[in-house]
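Results of the structural survey
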Amino acid sequence: MVRLQTENRLTRNLRTTLTLAFFQVFLVIMPVAVPFFQSKGLSMQEVFSLQALFAFAVLITEVPSGYVADLIGRRQTLIVGAIFAGCGNSLLVVADGFWGLAAFELALAISYSLISGADIAILYDTEVALKRGEHQQRQVVGRLYAVRTLSEAAAAVTCSLLLLFWSMDLAVHVQAVVGWMPLLLALGLVEPPGERLEASGHWQNMWRICRYLVGHSRVMVLILLALCIWSLTTFYAVWLLQKLWALQGLDISHFGYLWAILSLAAALAGRWAHVAEERLGTSRVLVFIGLAPMLGYVGLDLLGPVGAFAASLTFWVARGVGLVILRDALNSRVPGEYRATANSLASFGFRGAFVITGPWVGYAFDLWGMSTTLWLLASGTLVIFVVLI
């Protein structure tokens, strides 16, 4: 009876964690973030600088937060992260100007860093505790990514409806209310059994983890570099696409459902990423995720609104397939006792790369315009494919 009750609690853990992940990224304001920020007086360079600030905050908190999750447990870390999520979304109601929005971004950054490594770690730990097979454990990353992107799609549809029938202000208030849902869900989690890091010798622990990641194999190093650098090739499109739509004359009320279609495509791509890998082979999948963003940037510049939207699907599909394949490749190669830290280190590298390059993309746009910026990004993506992927 006790064993059955434990299994039931752990099974609920899987559903609760995935639901928490759904509401963590349920950002109603995201499909119109660029117009919203610019309505507060920000230039495109400041918009990218704001995202670089977010990335920098994640950068300095990501690894400590993942380490904390490995040290004190996943549940406690998720609860603290959910509190920051609620506070950050509530700040959006009163945020104005660059520094007001910066406070909103900083709170969300801390929340993201605390949750991002702990959620996938608690899912893997729960699957292991339930003695599930390797095939089911591999599906954890795909399921988590699919849930997050479905959340983005649902938030985008909600955004369109709110803008169509009400106003931007109501969308902001809805965002503030929904932002507290992760805390309610985190309180219902249980800590799965598993190995934890020793509480003493923190520097020795970090040295051991880094040495393992770098020295395990050449493949491990390439996986980490791809997660840090290749991920940028699709991420820039997220912040340029809304501006492109505005330049093409699309009304802001249409942004939400267009974003929902893109997010749904990413969710489906992530959900079936392993099937694609099994049928096509890893090499072909890597060629696809390496070249698709380059073709996407070229298509955004050369094609009209309909063709450009079709081209934009390449970013979301490539991101869905690529992140799931690469994240699973990482998690399947690291011991459970520092899985959260390993995921945080990968995010640390990605955020660091964006901190360095993000403002320059915004500066290039303000200086040379959309077309030149898109071709520069296409060229950079090709270099990343040849050198790394």
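Shown above is the structure to which this text applies.
The paragraphs below set out a description of the structure included in this document.

Thresholds, definitions, all that
- Residues numbered from 1 in each chain as written.
- Predicted model: local features only at pLDDT ≥ 70, side-chain atom pairs only at ≥ 80, totals over all residues.
- Heavy atoms only, no water.
- Helix = DSSP H or I, 4+ residues; strand = E, 2+ residues; numbered from the N terminus.
- Rg over C-alpha atoms; globule rule 2.2 N^0.38 Å.
- Buried < 20%, exposed > 50% of the residue type's maximum accessible area, 1.4 Å probe, protein only.
- Contact = heavy atoms within 4.5 Å.
- Areas by Shrake-Rupley, 256 points an atom, 1.4 Å probe, with all protein chains shown as cover.
- Lys, Arg positive; Asp, Glu negative; His and termini not counted.
- Charge placed at Lys NZ, Arg CZ, Asp CG, Glu CD.
- Salt bridge = Lys/Arg side-chain N within 4 Å of Asp/Glu carboxyl O.
- Axes fitted to C-alpha atoms, helices over the stretch in contact; angles between N-to-C directions.
- Parallel < 35°, antiparallel > 145°, perpendicular 65-115°, else oblique.
- Left-handed = near helix turned anticlockwise from the far one by under 90°.
- Core = buried A, V, L, I, M, F, W, Y, C linked by side-chain atoms within 4.5 Å.
- Expected span 1.5 Å × (residues − 1).
- Phe/Tyr/Trp six-rings, centres within 6.5 Å; stacked < 30°, edge-to-face > 60°.

Per the secondary structure count, the protein includes 16 helices and zero strands. Since a compact globule built from 389 residues should have a radius of gyration of about 21 Å, the 20 Å found for the protein is in line with a globular shape. Over its C-alpha atoms, taken along the principal directions, the protein stretches across nearly 60 × 45 × 40 Å. Relative to its full complement of 389 residues, the protein shows a buried share of 54%. The long-range share in the protein, meaning contacts at least 24 apart out of those at least 6 apart in sequence, stands at 85%. Total accessible area on the protein stands at roughly 16,300 Å², and carbon and sulfur atoms take up 68% of it. Of the charged side chains in the protein, 25 are positive and 22 negative; the average position of the first set lies 8 Å away from that of the second.

As a working rule, side chains carrying opposite charge can pair if their charged atoms are close by. According to the stated counting rule, one finds one salt bridge in the structure shown. Across the pair Asp 119 and Arg 148 runs a salt bridge, and its minimum N-O distance is 2.2 Å. With a gap of 29 residues between them, Asp 119 in helix α5 (residues 97-129) and Arg 148 in helix α6 (residues 134-165) connect regions that are remote in the sequence. Among the residues examined, Asp 119 registers a relative accessible area of 0% and is labelled buried.

Attention shifts here to the packing of helix α10 (residues 218-247) against helix α16 (residues 370-387). It is the contact of α10 with α16, at a shortest axis distance of 11 Å, that shows an interaxial angle of 165°. When the axes of α10 and α16 are compared, the pair comes out roughly antiparallel. Crossing of α10 over α16 shows left-handed handedness. Packed against α10, whose contacting residues are Ile 229, Trp 230, Thr 233, Tyr 236, Leu 240, Lys 243, Leu 244 and Leu 247, the element α16 presents Met 370, Thr 373, Leu 374, Leu 377, Thr 381 and Ile 384 at the interface.

Attention now goes to the nonpolar core. Core analysis: the largest hydrophobic core is formed by 92 residues, its most contacted members being Phe 37, Leu 213, Trp 239, Tyr 297 and Leu 330. Here this core gets 16 residues from one element, more than from any other, and that element is α10. Sequence-distant contacts of Phe 37, defined by excluding residues within four places in its chain, comprise Leu 42, Val 47, Leu 50, Gln 51, Leu 101, Phe 104, Glu 105 and Trp 239. In terms of nonpolar packing, the next biggest core, distinct from the first, is built from twelve residues, Leu 20, Ile 115, Ala 186 and Leu 189 among them.

Attention shifts here to the environment of Leu 161. Positionally, Leu 161 belongs in helix α6. For the pair Leu 161 and Arg 148, spaced 13 residues apart in sequence, the C-alpha to C-alpha distance is 20 Å.

We now examine helix α11 (residues 255-271). An α-helical turn contains 3.6 residues, so any two residues separated by three or four positions project in the same direction. With 17 residues, α11 should cover 24 Å at 1.5 Å per step; its first-to-last C-alpha distance of 24 Å lies within 8% of that length. Most of α11 is tucked away: twelve of the 17 residues are buried. Within the span of α11, buried status applies to Phe 255, Gly 256, Leu 258, Trp 259, Ala 260, Leu 262, Ser 263, Ala 265, Ala 266, Ala 267, Ala 269 and Gly 270.

Turning to the packing of aromatic side chains, a few remarks are in order. Taken as a whole and judged by the stated rule, the model has 13 aromatic pairs. For the pair Trp 259 and Trp 316, a centre-to-centre distance of 5.4 Å together with 85° between the ring planes defines the contact as edge-to-face. Here Trp 259, found in helix α11, pairs with Trp 316, found in helix α14 (residues 305-331); they are 57 residues apart in sequence, far enough to count as distant. For Trp 259, a relative accessible area of 3% translates into the label buried. Judged by its relative accessible area of 7%, Trp 316 falls in the buried class. Ring pairing ties together the aromatic residues Phe 235, Tyr 236, Phe 350 and Phe 354, which thus form one cluster.

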